[in-house]
Structure formats: C-alpha cells, structure tokens
Amino acid sequence: MACMSYSRLLATRSSNRLLSKSLQDLGCVIAKRYEKSTSVFFEKNKKGLERDLKRRPLRQALKMTFQNFGPELKLFYNEQKEAFSRFPMLSVDHGNYEVIYSFNDPESVKSWAVTADRDNEGGKSTANFTFSKNRTGLFHGYLSKEVPKDGKTKYAGYANITSPKPRKSFGRDTQMDWSLFNCMLLRLRGDGRPYMIVIGCNFYYDINWLNRWSYPVFTRGGPYWQHVKIPLSKFFTTHHGRIQDKQEFLPLKIVNSVGITAADSAEGPFSLEIDSIALMNDINVTDKHAYEMELGEKSRQPAKTSVRQPCYGELVPPPNELCGIPGLRLVPDQEIRSYIKDLGPAALKSSPTEAINIEHF
Amino acid sequence: MNKTSCQATLFLKVICKLNVRNVGASWLAPKFVSTGCGTGKSINYCQRRYLNSNKRQLHTAVILNEREKTEQRVKVPGEKDLSPSNLENSATQVKQKGKPQTEAKVIERLKPPKPVEDKQESSLPNHDPERITDESRRLERKANSIFQELSETRGATKETFILAVKKFADREGIYWRGAVEFIYAGMKEMQTFGVVKDLDAYKALIQAFPEGKMIPRNAWQVEFMHYPRHQQCGIDMLEQMEHNGVIPDEAFGVLLKNRFGREAHVTRKYRRMLYWLPKFKNINPYPIPMELPVDPRQLALIALRRMSVDRETQYTIHETTELEAEPEEETFIASAQSPTQQRLIQEHNMEQPLFVEGPYPVYLREVRQNYFLLRAEPNINALMKKKQLEKEEEADENLFEWTNFFEDEKSSELRPLLSVHEQDDSTILALAITGTSTKSSVVSWVRCLETINPRLSQTPVLFKIMSSSDSASLDVIGDNRPFWELQKNTEKISDI
C-alpha cells in the first residue's frame, strides 16, 4: 500500500514536472496537430503563410519614409481635394461599364504580382506576366504536375496573377467600391484551358482573410478574341481555396484584388492574353447570389412555373426571339423579353454583337 | 529472471491495463530494465504479445525518463532524491553492479521503430512518415499482390478490379484487416486498370470497408473523427474522384452511410460533392465531350470547331498521301475555313503578303494540340471606318433621324460592317491542325487551300514557324500597332 501511495506521489510530481518543463515539446505536438487539422482559423498574415512576412530593416524604412513624405503629402492633398469637389456616383445605367484594369501600358502589367507553385516550393510550375506587342498583358508559363516529395503536397501545378492592392497616401490600405455594378467583363484570348477568376476583399478579422470569391472563365483557344461577361452573383465563396457550405455575398464595397489562376489538369505551356477587365451594370441580372446561402437550405426554392427554369451554369438553347444573334443569351426574365419583343428588330439593331461574340453564361 | 523482475512486469502490466498515466510507467520502466539486466536476461518488451498494444507507452516512458535525467542534472535543487550528488551515487551503484553496457543496449532496443524506407513508392499517404510501419507495408504488399495476381491472370480490366475487391472482402471478411492499405493500393492501381474515371470501380472499392462497425454513436465521436485513418482514407478517395471529375450518386452515398454513418466527415464531404459538382458540371459554354476520341483526326476536328467563331466554317480533313504524289510524311491535315474567309482572300491585295504562323498550343482538357493559322495584316481602313461610326453613334448626332414604321429598313443596314475574322491585330483567313506539326505538312496545307482559293497561289505567303511550341507562348498572335498608331494620329488631328 505504501508503495502504491509513494508511486502515486511520484507520478503526480513528475506529471507536474512534465507540464512545467516540456511545455515547449507539448506545444510542438499541438502545433503539429494543428498543421494537419482543417479546423484552425488562426492566420499569421494576410497571405496565409505559416512563416512571418519579411519586414524592412528600420534604417531603410526610415529612409523611405523621409524620401516619400513630400510626394505622399501631395497625394493626400489631392485626395482631400477630390473628396470635397467630386460628386459621388449614385447609380449606373443599364449597359454602362467601367474599365478597372487595362493592360495597355507596361507599368500596369508590371504592377501585378505573379506567383507559381515553384515560388512556395510546392511544385515546378513557372509563370510570367509580360507586356505584349499588341498592347495587352500576356500571362504565360508552364504548368507542371510533378508533386514535390515533401510529404505534405498532394497535387501540384498552379500559377496566378493578382492585381496590386489599392493604396491611399502614406501607404494606407483602401478598397474599391463595386456596388453599382453587377457584371464583370473581360476581353481575352486563351488557349482552351479554363482559368479561375478570384476576387479578394479587404477584411478586418483574420477568420475572413483568406475568403475569396471565384468563378471559372472558359477559353475556347484560337486566334479570336473573347468577350466574357460574368454576373458577380455567380462568384462562389471559397476559403483557403475550398468551396464553402455557408455561402456569403460578395462584399462589393470592400473589394481589394482581382486575380487569375491557371490550375487545370493539363500539363504543358499555357498562355492567356488579357486586354482589359471591366465592370458593367446589366439590369437583366437581378440575383444577388446564384447559390443557396447554406447547404441544404429549403426555404429558397424557385417559384413553380410550367416552363423548366434553367439551372445556373446549365447550357440552355437561346429563347426563340433572340435566335438571330449567335451566342447572345439573355436571362429569361419575362419583363425584359416582352420588352424586346415589343420593340421588334429595331431594338436588336443597336446591340453590339456584330463583330464580337458575347458569351453570357 | 528473478522474482522481483517478474513481479515488476506483472505490476507494469496491471498499470498499463488500468491505463494509469504513462508517467507512472516512466518511473517504473528503467528500474525493471536495470534489474532485469542484472540477472543477465534482457527483457525485450517489444516481442511480448501482451505488451504490444502498450508499446508506445513504454517508449515514451523510457524517453521521458532519459530526458528527465538530463534535465535534473541542470536544475531542481530542492528535492533530495534527485539532487546531482544522489544521482551520481545511484550511477556509481549501477556501475558497481556492473554491466551498464547491456542497459544501453536495451534502451536502444526499446526505441520506436524507424520509418520504413522502401525503394518502391508506397501508395500510403506520407503525411506522417511514422505512420507507415512495417505492418502497414506488409498489408500493402498483400493488397498489391491481390491486384497483380488478378491482372496477370485475367487482364487489367474493370471486371478484374471489382473481382479483386471481392476477393479481399472474402478473405478478410471477419476482421477486415488491412482495409485502409487495400483501398490506398487500389486507388493507385486504378490507373493501370483504367478505371480512374469509373464510378462503379469506386463503388466497389468503398466496399472494402466493413459495414456498420465504424458508425459513430454520439456527437463526440462524430466531431473527433471516429476511426480517423479510415475516414481520412475515405476522404482521400473522394478527393481522387473529385480530381477525376467523377460525381458520386445516391447509391454511392448509401454505401458510404452504411459504413461511416450519416454525419461523419467522409459523408459530409460526399454531401458537399453531391451538392456542388452537378452545379458546375455544365458551366462550360464550349463543352468538350466527356470521353475524348482517340483518333487524332477527330480530336483535331473538335478543337477546330471549338476555336472557330464563324458558324459557316467548313471543316475538311485531307491526307498528305492524297494531296501529293511524293509526300514527305504520311499525316493528315484538318483545315477550317468559312466562305467569308474565302471572300476575304479574294478581296486581298495580291502585293501584300499573307502569313502562316504557328504552332500555337490549344487544349481539349488534358489533350494538347498545335494549330497553325493563315492570316493577313489587319485591314486598317475598314477598322478606322468602323471606329468612326461607333464614335458617331456615341455622340448621338443623328438624334432626330429616327426610322419610323413607314420607312423600309434596308437589309444592308443590319449587316455588320466587319466580319468576325477582321480583328484589330490581324485578319484570320484559315485555321489548321496537322498530325505532325511540321513545316512540310503546313506547306501542303497551303497548297491544298490554293485549290479552293485560286488567288492564294498568286499572293506571296510567308511562313513563320517556330521550332518548338513552348516558345510560342512568348509570342502573341498578330500585331495591332499599325492600327493603334493610326488611331492616335487621327485623334491628334481631330483635336487640332
């Protein structure tokens, strides 16, 4: 009995010691667990990297501060002036668009960040974003499917370009307000691969930092330019690149960045020529979000109609009235259709579909 | 073995069975080891059957004790037993007893097994290399042997794959030992059996898991991943399905629910897939057939059809053997040209050269092909005219010249000014995919075009053929600089 109690005493004492001394080891174990777990929401930085981001040395930072103080002050003055003098935009008419990114000068192309999985030691893909002789941006490189043998990576092969984050004077983060628009327009020429458009937002809490809204853009390949129009409601919520059960609205007021990712299953060189990215207001698009907000939600069922409503993303034959125009397909909104019917062919005359093909999917 | 050590092992066994904290074991373990050594018979705990399950506890115990020893030397001044002088004393005592070498040996033997480094690549996921033990490798080899044996005797087909799973289920029907290893092996083997994109094969493979045994019974089990290795295996399998574009159906879900229950992590993943994948199944506006043909001619036609915007385009396939008497190589030429493009060649100024460029890559899912194009320099005047018309429309100058019901609308008004082929960087005149993508085949393509377009034989044609298509990605098609400059100049003039 005495032996038992003594052993127990020792056990407790050593357990205390275990806790006090090898806390670091325990921490290691826990951290190891977390690395594999999917339920961790702690983020070290906005990029979602495990390591710390590099900071400028103090001396250099001070130097830059003093050097840039004059120009930044000027920027600040202009900002304030503009804020008082400009009348805010309140609404946008149907069909109006605003070009947010155009690649017709080398600086605008250079300001975009290019990443491939080779940069993070996650593969062997390479990528480059260059200014071409057509005054466009050319996103090209090589997608390699070879998985590095580090024990963690399962799939490899991605390349991405991301727009620069908007900045106010003195390097303050700011955001774009897209709330007046509901469609994204792209003019591009690809190689037949699908590419993913990724929209990032300026969130405050780390739980949201890696939320992105994405939707694929399909290229047909060949020498013809494509004009792609994607309703912003079709962008689905992803976190860490995984689609989420609980979908959220794209917060149009705090949009921060736009990116294009090439990560399809084909190994080989890829090239995507981008002319410009624009935002447009289309009154035909009335949806705020094209998917159910929560997996298995039952309340948001579509109204019963005799005609089968097309699913989102489903290919449907164009309605009869519009058959004359190749490729143009409108959302079957009864109001708009009858409106076009009443106007007759004159309404179609001014449509900009003569030399370009607009895809509405 | 003397009496004390026997008692000690018994005691240890009791402790282990009772699941007392392994710290207790840590205190006990070295004593028994040392006493056991004293008799000359070393106890190898690893080989003992009943200790096998608690092996790791022992390992940790020994390691912890070693660590404690080293740390004690540094600090802990308060305790008498563990003061450095006492430790030294005990060490000397051990020395006096003799044979400290054997002690070291035993401790060495008690270390956990090293991760197996096999030259053959394992199908087991290497997220945690320590998990791949000898035992799991043995089970994996066993699984591989089932697949190999059957594929050698019956050929690598879908039926054989399903039969292999059945064989496993028959053999291991009671304890289902090595199910995880079998499924990982099967997932890897699917490539050789050609069933990576076959739902039936996945349905068969999931049946290597036992029914009912792994269903969690309460919320805690659900959230803390009941049977984690099995569930992770299932998730990996679903991910492979997702990666290969296989959409699970209801029957697959029933199989999964019978194995893991309704709320397990695997089933949740399945539900997500069932919800999202059909939504995105048909979003491609330029659909590609699910199963691509093997024939390169058919593939070329699909790619050309996908590339051509003009709906009137005519597609032809020529064989070089038919075209020429003495062809350099036997291939095919798939060509696409529309009547509009033929008209454009007819209207083309014969003194201006035409260009044949390529090869540019084009993809049909994973299949890569190279295409060539025949193009002319952009028609700047027509483009400028169109641009000006657009500007006029924007300016709303003809605000009061409405067409009314009494006026006839001329059909020419509705006709687009420019065809789709006339872009601001180049005018595209024809597209082609050849079997070998060599210069000789492209030359015979142009010769073949000459039969349809008689004016082509009189116009100079320049060939810009890149040696490898990898460098093609560096170059864009056409050049819109002349049009750009003209536009800029006219703007300047209008500003003045």
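As a reminder, the structure under discussion sits directly above these lines.
For clarity, every value in this text was computed on a predicted model and none was experimentally measured. (Residues numbered from 1 in each chain as written. Chains lettered and ligands numbered in written order. Predicted model: local features only at pLDDT ≥ 70, side-chain atom pairs only at ≥ 80, totals over all residues. Heavy atoms only, no water.)

1. Looking at the overall build of chain A
This is how it is decided: Per the convention used, a helix needs a DSSP run of H or I reaching at least four residues, while a strand needs a run of E reaching at least two, with both numbered from the N terminus. Type-normalised accessible area, obtained with a 1.4 Å probe on protein chains alone, sets the label of each residue: buried when under 20%, exposed when over 50%, and partly exposed for intermediate values. By definition, residues are in contact when any of their heavy atoms lie within 4.5 Å.
Summing up its helical and strand segments, chain A has six helices and 14 strands in all. Per-residue burial over chain A gives 40% buried out of 361 residues. Long-range pairs, those at least 24 residues apart, make up 73% of the contacts in chain A with a sequence separation of at least 6.

2. Some words on the pattern of salt bridges
We apply this condition: Take a side-chain nitrogen of Lys or Arg and a carboxyl oxygen of Asp or Glu: if they are within 4 Å of each other, that pair is a salt bridge.
In the structure shown here, the tally under the stated rule is 35 salt bridges over all chains. Across the salt bridge formed by Lys197(B) and Glu366(B), the nearest N and O atoms sit 4.0 Å from each other. Here Lys197(B), found in the loop between helix 8 (179-193) and helix 9 (199-206), pairs with Glu366(B), found in the loop between strand 3 (354-364) and strand 4 (367-376); they are 169 residues apart in sequence, far enough to count as distant. For Lys197(B), a relative accessible area of 52% puts it in the exposed group. For Lys464(B), the salt bridge is made with Glu357(B), and the minimal N-O distance between the two is 3.4 Å. Of this pair, Lys464(B) sits in strand 6 (residues 461-465) while Glu357(B) sits in strand 3, and the two are 107 residues apart along the sequence. Accessibility expressed as a relative area gives 39% for Lys464(B), which makes it partly exposed. Of the residues examined, Glu357(B) reaches a relative accessible area of 5% and is grouped as buried. Beyond isolated ion pairs, a larger network of salt bridges with shared partners links Lys154(A), Arg242(A), Asp236(B), Glu239(B), Glu242(B) and Lys269(B).

3. Examining the packing of aromatic side chains
Residue and element names in this part refer to chain B. Test applied: Each Phe, Tyr or Trp ring, with Trp reduced to its six-membered ring, pairs with another whose centre is within 6.5 Å; inter-plane angles below 30 degrees give stacked pairs, above 60 give edge-to-face pairs, and intermediate values give tilted ones.
Counted according to the given criterion, the structure contains 27 aromatic pairs over all chains. On the numbers, 5.3 Å between centres and 80° between planes, the contact of Phe209 with Phe260 is edge-to-face. Highlighted residues: Phe209 in the loop between helix 9 and helix 10 (219-223) and Phe260 in helix 12 (residues 250-260), separated in sequence by 51 residues. Accessibility classification places Phe209 together with Phe260 in one group, the buried group. Aromatic side chains Trp276 and Phe280 sit 5.7 Å apart centroid to centroid with 10° between the ring planes, which places their arrangement in the stacked category. Taken together, the residues span about one helical turn, with Trp276 and Phe280 both in helix 13 (residues 265-280) at a distance of four residues.

4. So, the nonpolar core
To keep things clear, this is the line we draw: What makes a nonpolar core is a set of buried Ala, Val, Leu, Ile, Met, Phe, Trp, Tyr and Cys residues whose side-chain atoms join them at distances within 4.5 Å.
One finds Trp178(A), Met184(A), Ile199(A) and Phe235(A) to be the most contacted residues of the largest nonpolar core, which totals 48 residues. With five residues, strand 13 (residues 268-280) of chain A is the largest single contributor of residues to this core. Not counting residues within four places of it along the chain, the set of residues in contact with Phe235(A) comprises Met184(A), Ile197(A), Ile199(A), Trp213(A), Ser214(A), Tyr215(A), Ile230(A), His289(A) and Tyr291(A). Within the second largest apolar cluster, 45 residues are counted, among which are Ile132(B), Leu150(B), Phe161(B) and Val165(B).

5. Thoughts on the side chain of Thr459(B)
Residue and element names in this part refer to chain B. Going by this rule: In protein, a polar contact requires one atom able to donate a hydrogen and another able to accept it; more generally it is a pair of N or O atoms within 3.5 Å, and residues adjacent in sequence count only if both atoms are side-chain atoms.
When you line up the elements, Thr459 lands in the loop between helix 19 (439-452) and strand 6. Take Thr459: its relative accessible area is 8%, and that puts it in the buried class. Here Arg455 takes part through its backbone oxygen, which lies 3.3 Å from a polar atom of the side chain of Thr459. Within the structure, Thr459 has its side chain in polar contact with the backbone oxygen of Leu456 (distance 3.0 Å). Beyond its immediate chain neighbours, meaning those up to four positions away, Thr459 contacts His348, Asn349, Met350, Gln352 and Leu354.

Function cannot be inferred from these measures alone, as they are strictly geometric.
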